[in-house]
Amino acid sequence: MSNSEERVSVHIADGQGELEIVDSHFLTVARGFGQVQCQLPPGLYKARARAGDVTREALFSVDPGGGANEVKFDALRFASPLPLDGTSTTHEYHQDAVWSAIRNGERDLGLGHDSALLVLVRDPSDACRRQLGASAVEQARYLRSFAGFRLDGRDGTTLFEGDEIFQITPDLGFAVFNVALAPGEYVLVHQSDAGEAVAMPLPALAGWQTQVYISLAFPQGLAAPGVAALADRALMLAPLGQDFHPSDRQFRLAEIARQALTQGRQALSEAQLTELLHEKFVNPMLGLIAAYVLLLRGAASRNLLRVVVRNLGALLGPEFPDLMALRLALAAQEGRPPELPPAGIIFPPLLRASWEILVQQPALMPEGGLARRVASRLVAQGPWLAWKPMESAVPNAAQVFTPEERLLRAIFGETTDSSLASRRSAHADGEEFFDLADELGDDREPRGAPEPRRRRGDAAKKPRPAARPRNQAGAARAKLLHLAQDFPWQSWLKDPQNRSAKAAMLERLSSLQRGLLPTLQLVGRQIAEGDEFTLEELLQLQEGMGVPLPAFSESLDDFVQLAEAAGVNAPIFRSAER
Amino acid sequence: MARDDYAILVGISRYADAALPRLEGPVGDVDLMRGWLQSSGGGAVPASNITSIVSDEASARSAADGELPPVVQDFMNAFLRVVRKPDRSGFIRREHGRLYLFFSGHGFCEKHARSPHAALYAANADRDVHYNIFGTYYAQWTKDHALFGEIVLLMDCCRDAELAKLPQVPVLRKPTDIGTGNSAKLLEIYAAPRGGKAQERPIASRNSEVHGLLTHAFLEALGRAAPGQPKVNSTAIKGYLTERWADLCAGNPADPPEVVVPTNGDIEFSRGEVGALTQRFLVKQLPRGGRFELIDGQLNHFADVAVQSRVANMARPGQPILQARLQANEFALPLPAGFYLAVAPLGQETLRCKFQAGGERVEL
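Residues numbered from 1 in each chain as written. Chains lettered and ligands numbered in written order. Predicted model: local features only at pLDDT ≥ 70, side-chain atom pairs only at ≥ 80, totals over all residues. Heavy atoms only, no water.

Here we take up the overall build of chain B. Within chain B one finds five helices and 23 strands. Each principal axis of the C-alpha distribution contributes one length, and for chain B these read about 75 × 45 × 35 Å. Taking all 364 residues of chain B together, 59% fall into the buried category. Contacts in chain B between residues at least 24 apart in sequence constitute 69% of all its contacts with a sequence separation of at least 6. (Helix = DSSP H or I, 4+ residues; strand = E, 2+ residues; numbered from the N terminus. Buried < 20%, exposed > 50% of the residue type's maximum accessible area, 1.4 Å probe, protein only. Contact = heavy atoms within 4.5 Å.)

With that out of the way, let us pick up the nonpolar core. Grouped together as the largest cluster of nonpolar side chains are 184 residues, with contacts concentrated most on Leu480(A), Trp489(A), Met505(A), Phe552(A) and Phe75(B). If you tally residues by element for this core, the top one is helix 7 (residues 284–297) of chain A, at nine residues. Ignoring anything within four residues of it in the chain, the contact list for Phe75(B) reads Ile8(B), Val10(B), Ile53(B), Leu101(B), Phe103(B), Ile133(B) and Tyr138(B). Judged by nonpolar contacts, the second largest core, of 76 residues, contains Leu37(B), Leu154(B), Leu335(B) and Leu351(B). (Core = buried A, V, L, I, M, F, W, Y, C linked by side-chain atoms within 4.5 Å.)

All names here are of chain B. Inspection of the entire model under this criterion finds 30 aromatic pairs over all chains. With 5.7 Å between their ring centres and 20° between their planes, Tyr340 and Phe355 make a pair best called stacked. Pair noted here: Tyr340 is in strand 21 (residues 339–346) and Phe355 is in strand 22 (residues 349–356), with a separation of 15 residues, a long-range link. Judged by relative accessible area, which is 4%, Tyr340 ranks as buried. Under the relative-accessibility criterion, Phe355 is labelled buried at 4%. One aromatic cluster is present, formed by Phe75, Phe79, Phe91, Phe103, Tyr138 and Trp141 through successive ring pairs. One residue, Arg98, lies across the ring of Phe269, its end atom 4.8 Å from the ring centre. Note that Arg159 overlies the ring of Tyr190, its terminal NZ or CZ placed 4.4 Å from the centroid. (Phe/Tyr/Trp six-rings, centres within 6.5 Å; stacked < 30°, edge-to-face > 60°. Lys NZ or Arg CZ within 6 Å of the ring centre and 35° of its normal.)

We now examine the confidence of the model for chain B. All names here are of chain B. In the predicted model, chain B carries a mean pLDDT of 90, and the fraction of residues at 70 or more is 95%. For chain B, strand 8 (residues 160–161) is the element with the lowest average pLDDT, namely 67, and strand 1 (residues 6–11) is the one with the highest, namely 98. As scored by the predictor, the complex reaches a pTM of 0.80 and an ipTM of 0.89. (pLDDT = per-residue confidence, 0-100.)

Turning our attention to the pattern of salt bridges. If you walk through the whole model with that rule in mind, you get 26 salt bridges over all chains. In this structure, the salt-bridge partner of Arg150(A) is Asp152(A), at a minimum N-O distance of 2.9 Å. What makes Arg150(A) buried here is its relative accessible area of 7%. In this structure, Arg224(B) engages Glu220(B) in a salt bridge whose closest nitrogen and oxygen atoms are separated by 3.2 Å. Of the two residues, Arg224(B) and Glu220(B) both sit in helix 4 (residues 213–224), four residues apart, roughly one turn of that helix. (Salt bridge = Lys/Arg side-chain N within 4 Å of Asp/Glu carboxyl O.)

What follows deals with the confidence of the model for chain A. Averaged over every residue, the pLDDT of chain A is 80; residues scoring 70 or more account for 80%. Mean pLDDT across the elements of chain A bottoms out in helix 14 (residues 430–440) of chain A (36) and peaks in strand 8 (residues 115–122) of chain A (97).

Quick look at the side chain of Asp557(A) now. Structurally, the position occupied by Asp557(A) is in helix 20 (residues 549–565). Side-chain polar atoms of Asp557(A) contact the side chain of Lys479(A), separated by 3.3 Å. (Polar contact = N/O pair within 3.5 Å; in protein donor to acceptor, adjacent residues only side chain to side chain.)

Another aspect to go through is the interface of chain B and chain A. By a widespread convention, an interface's size corresponds to the accessible area lost as its parts come together. Listed per partner, the contact involves 48 residues of chain B and 58 residues of chain A. Carbon and sulfur atoms make up 58% of the surface buried where chain B meets chain A, a total of about 4,600 Å² over both sides. At the surface where chain B touches chain A, the tally comes to two salt bridges. Between Arg48(A) and Glu243(B) there is a salt bridge, with its nearest N and O atoms 2.5 Å apart. Our count for the chain B to chain A interface comes out at eight residue pairs in polar contact (both at pLDDT 80 or more). Of all the secondary structure elements, the ones that give two or more residues to the side of chain B that touches chain A are helix 2 (72–83), helix 5 (234–248), strand 21 and strand 22 of chain B. At six residues, helix 5 of chain B tops the list of elements feeding residues into the side of chain B that touches chain A. Grouping the amino acids of the side of chain B that touches chain A by side-chain chemistry returns 19 nonpolar, 13 polar and 16 charged. (Buried area = accessible area lost by both parts, 1.4 Å probe. Nonpolar A, V, L, I, M, F, W, Y, C, P; charged D, E, K, R; others polar.)

Below is the structure:
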C-alpha cells in the first residue's frame, strides 16, 4: 500500500468556524479556521467543524493516487445574542429593531453627547408568540423578563431606569434603547426577578456607540419571567450613527472568537486574526478579542500583539483599563518591568481576563476607585467582569466602633465592653496605643450608616479617608483571626431561630466573603487544635482568592461589621459552641 | 507493583442540603477506580497506598446533619498523610511516583476562569456554607512542589457556573522556587466543560449499574484506546474520549468532558488485554450469502464478513472465524476502536460505507 501523501481540502461554506482533522487513532493531524489544506497519507479521517454551540463531523477517505480530496461543510448556524444573519437564534424583526433604534437617532436624556449606548434585550425563542394567547398573569410575567436594568454613573448615581426608557415590544420579544451619553465610564446594573443584582462596566467613547446584546432564556416557559443570559452577552463598539448590518462578517467573526475564548479555545487562524485586526477601526472590541487570542499564543505572536496594543491605544485611549492590562501582560512576556500608570486603575476593565492581569499589581488600584471597591465583590460572568453592587452589602444597622475599639477587637479578639475597658486601661498611654495602631496600619475612620442609592442630582459622596498602607498583611491576618475565633459560625448558622437574620446577612455577603465562610471555620478549628495561622498562610489565601491585599483587608472589615450587625457573636451562640 | 504510586478516591453520594440531591453513582465509581488501580494489568498500585473516602450509604445519620461526612477535613487529612512527612518536618518527594486524585459527586467551577478547574462539594455543604474540595488546586499544588513525577486528576462532577461561590482554597505552603514543578506531569480530566453538567446513568456494559459517565468512559478508554499498543498515553485517552463521547452517550447526549494533557510529555498507562467495541450492522441491500470487506483506518484489509441466513462469519487473517448471530437482520461484531470502511459488491455497484467502530448502526 502506497504511503504517498495526497492533498486534502476541508472548508466551511462561509469560511467561518474552527476546523479539525482527526485520524483513525483519534489523533488531531490538522487544524484551521474556515479552511484547512494539508497533505495526508492514505487512510480514513474525520473532519470536524465548530462554531459557537454547533459541531458538524464527516468521515472521509484519502485514497492512494486518488488525487485531491475535498470536504465541504455548510455554514454553521450557531446561537448568538446578536441578531446576525446565519445564526440559529436570529429574527428579522430583532434586526429591524436595532436598525430602527440607530436610524431614529440617540434619545437625549440630558446625559451629554458625543457617545451613545444601545442595549437590546431579546427573546430568541417562540415565547413571545406563545404569550400572545396566554393569561394576563403570564403576559405580565413575560413582560417582567425585560425589567430590572438601570444605568449608573461611575460614582454610583443612577442615571435612568431601563423600565423608563426601554421601547418594549413583547409581541416580538424585544426591548431596546439608544441613548446619547457623554464619553466616560458607566455601570449597567441588572436585578433579576429573583432579586439578585449584578453590575457590569460600560465604557462610552467619543465618536462611538457602545452596543450591548442580551438574550433571554425561558427555562420554565411562561411560568416564570425569562432569565437574562448576562454571561453570554455580546458587546460591540460601532462608529456613532453607523447602520446595523446583520450580515456583517466581522460581527460574526467576533462572536465566534468570543464564544471560543469563553471555552478556552483559540479559534482564530493567523489569517483571521489579521482580518480582525485590519477591521479594528470599525469595531475596537474585535481588536480586544484578537489581542487576547494573541496573548494566549505567547511569544509566537508577540510582534503582532505589540502592534495591536499600540493601535488600540489610539482608538480607546491609553488609559482604557483592558488596554493597560494588555500592556502589562506584554511587558511580562517580554521580561521587562511594567510601566504602571501614575493614576492607577480607577474604573474596572471590561474583561475578566484583563482583571486577572491587573490584580497582580495591587498598587494599580488606589483607594476610592471603583476598581478597588469592587475587587472583593466580583461574580462569575463568563469572559466579562461583573460584581455584586455595593448597596446590597451594607447592613441596615451598622454597629459603629471607634478606631481604638476596632483595633482592640482586632488585636485581642474580645468583644465585651468590660474587657475592652480593661485593655484600654492597660494601654493608658495614648501615644503607645496609637503607635500600636500605626504598626497594624488600621486607623481608618469608623463606618457610618449605609448611604441610600442616589439618583442623579444628589450630593456627591465624600471619599473615605485613606488607610495607612503599612503592614496591611498583619492587619488582615488579625481581622481574619478575629472572624475565625470570635464568631461562632457553626452554631449561628445552624440555629433555627435566626433564619431571617441569617438570610439577610448572607444575601449581603460578597462572593469572596461567602467563600471565606468555610475557611473561617477550618482556621478556627486549626487554632483550637494548637496550630498557628501564619502570615504566610494569610497571603496564600488572599492570593488564591485572586483579590489584591488592600481589597481583601477591606472586605474583612466589611465582613466583621456585617457579622456583628447580624449578631453572630451574640453570647447565646458563643455558649452553644462551647 | 508501582510502590511509589498513591491514590485518594472520593465519592460523595449523600448531602446535607436538599438542593444537592442524592446520587447513586459516586460510591460505585470509587469501587471501579479502585479495582483498576489495584489490578496488575492496570494501575498496579499497592492496596495500602489507596485511600477511599466515601459516603456511608447505609448510615442512618440524617442528611440534615451539619457534619455529615465526608467533610473537607477528611480529604485534607488523607492528602497530608500522603504528601507530608510524619514528623511534619516537610513534604515527601516521590520523583518516580504517580498520584491519582479521583472525585465523584456534585461539583462546580467558576465559569469565568480561563484555566480549567473544578471543586467537589463536601457532604455537609449547603447553600450558605459551601464546603468544597478544590481538586484542581490540590493537583496543581502537588505538581508545583514536584512531590510526584506524575499526577492524574479525575473530577467526575458537574462544573455548573456558580454566581456567588468560590472554590475553597486550602492553606498549603507554596514552593519558594516556582520552577520546582516543571518536570512533573499533570493530566486533568473533567467530566464536563466549564459551566456544564456531568451525568450518571445505568451502564449497560456494567450490568446496568449506575456510574458517572466520565468514570465509565475513562476506564473504557484505558482498555480500548490506541488498539495494538501495549500502553495507552494521555493524548490517546483524550482523543478516545473526544471521538467516542457521542457514542458513549448512546443517544442520550451529555456535555463532553474537558481533558488537559500534560504539556511536558504524555503520561502512560499500562494495561492488559485491549478490548474491542461492539459494532452493529443491519442487512438491507446485501443479500443472504453476500459478503463484504472491512478495511481499517490505514486502508489495510481488516476482515472479510460473510452474511448467511442466520449468522455472520468474520474472518480475520491469522485468527479463528468469529460467528455472530443474526436477529431481525441485525448482527454485531467486535472491532478495535477507530474508523473503518465496509465495501460490499452489489452486482454492478459497490456499496462503500465509512463508520466509526462502536458508533451508529451500519446499514449494508
